[in-house]
Amino acid sequence: MTPSNVQTANYLIPEEMKETIMQETIQFKLNGKPTKLAVDSDRMLLWVLRTDLGLTGTKYGCGENLCGACTVLLNNEAVRSCQTAVKEVQGKEVVTIEGLAKNDTLHPLQKAFMEHDALQCGYCTPGMIMNAYAFLQKNPRPSSSDIIQGMEDNLCRCGAHSRIVQAIQAAATDMRGGF
Amino acid sequence: MKEDRYLELDFTDRTSGFEMNRREFIKLTGGGIYILFTIGDSLDFLQERQGRRFQPNLPTDFNAFLKIGEDGRVSCYTGKVEMGQGVVTSLAQMLADELDVPLDSVDMVMGDTDLCPWDMGTFGSMSTRFFGPPLRAAGAEGRRVLLELASEHLKTPVANLVTEDGVVFDKTNKESRVSYAELAKGKKIERHLKEPVTVKKLSEFKIMSKPVTRRDARDKVTGKAKYAGDIHLPGMLYAKILRPPAHGAKLIDVDLSEAKKVEDVQIVREGDFVAVLHKYPDVAELALSKIKARFDKPVSDIDDKTIFDHLLKVAPEGKVVAKDGDLQKGKNEATAMFDETYFDGYKAHAPIEPHTAVASIQGGKATVWASSQTPFSVKEEVAKELGFPPEKVRVIPPFVGGGFGGKTRNLQAVEAARLAKLSGKPVQVAWSRKEEFFYDSFRPAAVVKIKSGITDKGGISFWDYHVYFAGERGSQQFYNIPNQSTIAHGAGWQGTPGPHPFATGPWRAPGNNTNTFARESQIDIMAARAGVDPLEFRMQNLTDKKIQRVLKTAAEKFGWTSAKAPSGRGYGIACGTDAGTYVATVAEVEVDKATGNVKVKRVVCAQDMGLAINPEGAAIQVEGCITMGLGYALKEDIHFKSGEILDLNFDTYEIPRFSWLPKIETIIIDNKESDPQGGGEPAIITMGAVVANAIYDAIGVRLFQIPMAPERIKEAMKGG
């Protein structure tokens, strides 16, 4: 039963007056799996991941490309999914925090974040890890100041910064095979 | 030295609390051995409030319990929540150690209002301080019960039995053994912790006082950890609510016609409360943007510049916090007198997770998942909103993505419940960043006026301290001053606006950041006039051993050498106490005179927090305090005009970034024989003063207002 003070807009509007949303079929690789989705392709990847696809590890923090909580990989580049329309991922490869561990084996970055206590509330953590992943692809042997520069636009309010830098440094070493 | 008062949390119209009686309660959770106990903070809180604003019908006999289950697992049920501060780890450590079980076999069941007894909430650095001792005692009591049962089972006197890793055995015959699981099987034992129980001595600790990595880390690095916004229920709709452009604005009219055209959108309206609901949050947001609404905005000349005059104008008569000697006598003895005023603007909590809640109403019962530091308040507020009896509301707090005091206010949960009722569907309300800034209960703007004097012997002859709207916490000075008066005008954060243009709330170490900034700046000003090194000046005016020790420790680690300020080195020092903990911080800064930009290069912090249950966790909290504290010291300030909040995202409201990071060194003083004190807040209180003092040391310019943003520094340089 619909309570009387609720206006359910949809059935009150004649069909021809409704704003029609173009549904498009978008195909891309998501965490290694081919994915096909009928979706309004102007919608932002963040919300499609979190709702349509049920991958909630990618977080909303600011909605304006200012905090990095929504960072995912698009063809191995870190992108802000709150500012990336789904149509931009057509035919490409998206990796989210859920796709980083292989089976039950954590990625060296995930292990390093755990070992260095590089998180507190954990809300910015997926974005931090994904950004660090893309950063290390480009710079596998970074100095501390390289890391600081590379992570500058990812925000953390708990103040885990120094441990995040240490964790990324340790993961980089691990990923190079200890050298 | 007296301990600070921190129990300032006050809720309006609290009506009832934990109604379920103990029998029902235990029926719910099955067989095993139960130890019921009380957490001191909640009881103190109740006593504080008795006869005041609410008379809750709350249990005074227990408000937490532990269960040794038939499977041998140990569960601790508590209304506290984990929001990044690490109690899910430190509390489990205490329990595992007292019970002699592996840490892995302890489950913390936290904050679920149907499973856990009433608790006032998680704030004030109190979880370890006040929860720790009774939790350990309950663990010890549990172990005693297990030993008694084992004695019967093994037909061996208790004196001959030892416990290890969840097993009791005869120390003379290790083959004679029985596990906790076997002992708990088929039992229903309920013990109430009343008598003082002997807990383990320091030398007996196996798990406590040892560094342990976070227990929730794996879920947080894999994206599995669920926050309120990650809860998705079948048929759930995401809601976006029409908001006024300014605090105090009234809706004149609203045109929903364009919003209605968005496919599958549902619009809910109840008076001025208008919301759009959709199965996708971004589509709801799109529909919201199509609503045309006109508001009547209030006109006021109060903004972030005029606020201080306004506050001083409306300030009530003060309350005496401390008084000693005769101020006039002190003035007569003074060879130099100082009269300074300090200002602190509004600060946002700005957790990276905005306020979020999901509400579902089924069969006359509401279930709410909320990012909240106070789930039992959510329960009450939701019950009131829905007109439900409180037992018909269950609140489940998932992981909380940062709180810092801001999530003691739960408007979003009430909104979700209201919309679930109005729409007949489960509803998620997730505030946007803009809403988070607009509805945040800011750390209050405040003013501190200090008159003081020194003698030619380097002593402080009087101290006349007035704090306006920061509150008492941290206002009491601890130097040896024979003639002194501390007066607090108006409470600190107030919830509802009161003298402020919008809501104010508790912000990590409420009040103490402002008070410590003012006090420790004034001390430095006096030291400079006396021509004495600021560390030496403090040491010679202190007798409190604990504060002296943290000062000395931090200074030694830093490599402090005596010099009169301004020395040009950019060194600053400040100390204070909060939540029972003593803290001293030394910092080195570099000031770019051309831009006014301050780079904090190095921070050394020594903290005496009694026994640190998880030293690694404690160090992390100190690092977090230092980093977060740089924000309010250097940049954070809410700009507003006529009730309109001008900073609505991280572009203009700048919080600390990686590049701000100084070299941080923390020292947790080895004081294991003392009871554990607060750890989540204390180290943040010194950050304003330590930076102000270091800036003065660098360039000889004194800043009287935080944040010490570049434009303020340039302004002060002109004036100086």
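Computed from a prediction, not measured in an experiment: that's the story for all the values here.

(A) Highlighting the overall build of chain A. Looking only at helices and strands, one finds six helices and six strands in chain A. Taken from the N to the C terminus, the helices and strands of chain A come in the order β-α-β-β-α-β-β-β-α-α-α-α. Within the span of chain A, comprising 179 residues, buried residues form 50% of the whole. Long-range pairs, those at least 24 residues apart, make up 60% of the contacts in chain A between residues at least 6 apart in sequence.

(B) A look at the domain arrangement of chain A. Residues and elements named next belong to chain A. As far as domains go, chain A holds domain 1 (22–99) and domain 2 (108–175). The C-alpha-based centres of domain 1 and domain 2 are spaced at 21 Å. Each partner contributes to the interface: domain 1 provides 14 residues, whereas domain 2 provides 13 residues. Going through the elements one at a time, strand S4 (71–74) and strand S5 (77–80) are the ones with two or more residues in the side of domain 1 that touches domain 2. The leading source of residues in the side of domain 1 that touches domain 2 is S4, at three residues. Classifying every residue of the side of domain 1 that touches domain 2 gives seven nonpolar, five polar and two charged.

(C) Region of interest: the packing of helix H11 (residues 375–386) of chain B against helix H12 (residues 411–423) of chain B. Residue and element names in this part refer to chain B. It is the contact of H11 with H12, at a shortest axis distance of 9 Å, that shows an interaxial angle of 35 degrees. As for the relative orientation of H11 and H12, their crossing is right-handed in sense. Along the contact surface, H11 presents Val378, Glu381, Val382, Glu385 and Leu386, while H12 presents Ala413, Val414, Ala417, Arg418 and Lys421.

(D) Looking closely at the interface of chain B and chain A. Counting residues at the interface gives 59 residues for chain B, matched by 57 residues for chain A. Those elements that provide at least two residues to the side of chain B that touches chain A are helix H6 (217–222), strand S11 (266–270), helix H8 (281–289), H12 and helix H17 (615–634) of chain B. At eight residues, H17 of chain B tops the list of elements feeding residues into the side of chain B that touches chain A. Across the side of chain B that touches chain A, the residue classes break down as 26 nonpolar, 15 polar and 18 charged.

(E) Quick look at H11 of chain B. All names here are of chain B. The end-to-end C-alpha separation of H11 is 16 Å, in line with the 16 Å expected for twelve residues at 1.5 Å each. Of all twelve residues that make up H11, ten are buried, and the element is covered over most of its length. Residues of H11 that are buried make contact with strand S17 (365–370), strand S18 (393–396) and H12. Positive phi shows up at Gly387, right after H11, with a value of about 70 degrees.

(F) Seen up close, the sheet that holds strand S21 (residues 460–468) of chain B. All names here are of chain B. One open sheet accounts for six strands, arranged S14-S22-S21-S20-S15-S29; its pairing is mixed. With partners counted over all chains shown, the strands left at the sheet margins are strand S14 (318–324) and strand S29 (705–706), one partner each. Alignment of strand S15 (residues 336–344) against S29, held across two bridges, turns out to be parallel. Paired with Phe343 across the bridge in S29 is Gln705. Packed onto the sheet, helix H9 (residues 307–314) meets S15, strand S20 (446–454) and S21 and runs at close to 75 degrees relative to S20.

(G) Representation of the domain arrangement of chain B. By domain assignment, chain B separates into domain 1 (22–220), domain 2 (228–297 + 355–430) and domain 3 (307–347 + 442–719). Of the residues in the side of domain 2 of chain B that touches domain 3 of chain B, the class split is four nonpolar, five polar and two charged.

(H) Highlighting the nonpolar core. Residues and elements named next belong to chain B. Judged by nonpolar contacts, the single largest core of 262 residues is most densely connected at Leu95, Leu277, Val368, Ala416, Val691, Ile695 and Met708. Per-element tally for this core: the top contributor is H17, with eleven residues. Apart from residues no more than four positions distant in its own chain, Leu277 is found in contact with Leu237, Tyr238, Ala239, Val265, Gln266, Val268, Ala284, Leu419, Ser423 and Val427.

(I) Representation of the sheet that holds strand S3 (residues 33–40) of chain A in the model. Residue and element names in this part refer to chain A. Pairing is mixed in the open sheet, where five strands are placed in the order S3-S2-S6-S4-S5. A single partner strand is all that each edge strand has here, and the edge strands are S3 and S5. Adjacent strand axes in the sheet meet at a mean angle of 40 degrees, parallel and antiparallel pairs treated alike. Strand direction decides the pairing type here: strand S2 (residues 23–30) and strand S6 (residues 93–95), joined by two bridges, are parallel.

(J) Region of interest: unusual backbone geometry. Looking along the chain, the bond that leaves Ala565 of chain B and enters Pro566 of chain B is cis, with omega of 0 degrees. Tracing the sequence through the fold places Pro566 of chain B in the loop between helix H16 (545–558) and strand S23 (571–578). Here Ile706 of chain B and Pro707 of chain B are connected by a cis peptide whose omega angle stands at 5 degrees. With respect to the helices and strands, Pro707 of chain B occurs in the loop between S29 and helix H19 (710–719). Positive phi values are uncommon outside glycine, yet Asp117 of chain A reaches one of about 50 degrees. In this structure, Asp117 of chain A sits in the loop between helix H3 (108–115) and helix H4 (125–138). The backbone phi angle of Ala579 of chain B is positive, close to 50 degrees, even though this residue is not glycine. Note that Ala579 of chain B resides in the loop between S23 and strand S24 (581–592). By C-beta crowding, Ala579 of chain B is classed as buried, having 25 other C-beta atoms within 10 Å.

(K) Structural view of the environment of Pro126 of chain A. Looking at where Pro126 of chain A falls in the secondary structure, it is placed in helix H4. Considering only alpha carbons, one finds Pro126 of chain A and Val72 of chain A, 54 residues apart in sequence, at a separation of 8.5 Å. When neighbours within four sequence positions are excluded, Pro126 of chain A is seen to be in contact with Gly57, Thr58, Lys59 and Ile97 of chain A together with Gly223 of chain B.

Analysis parameters
- Residues numbered from 1 in each chain as written.
- Chains lettered and ligands numbered in written order.
- Predicted model: local features only at pLDDT ≥ 70, side-chain atom pairs only at ≥ 80, totals over all residues.
- Helix = DSSP H or I, 4+ residues; strand = E, 2+ residues; numbered from the N terminus.
- Buried ≥ 20, exposed ≤ 12 C-beta atoms within 10 Å, placed from the backbone.
- Contact = placed C-beta atoms within 7 Å.
- Domains from an automatic or database assignment.
- Nonpolar A, V, L, I, M, F, W, Y, C, P; charged D, E, K, R; others polar.
- Axes fitted to C-alpha atoms, helices over the stretch in contact; angles between N-to-C directions.
- Left-handed = near helix turned anticlockwise from the far one by under 90°.
- Expected span 1.5 Å × (residues − 1).
- Pairing = 2+ DSSP bridges.
- Core = buried A, V, L, I, M, F, W, Y, C linked by C-beta atoms within 7 Å.

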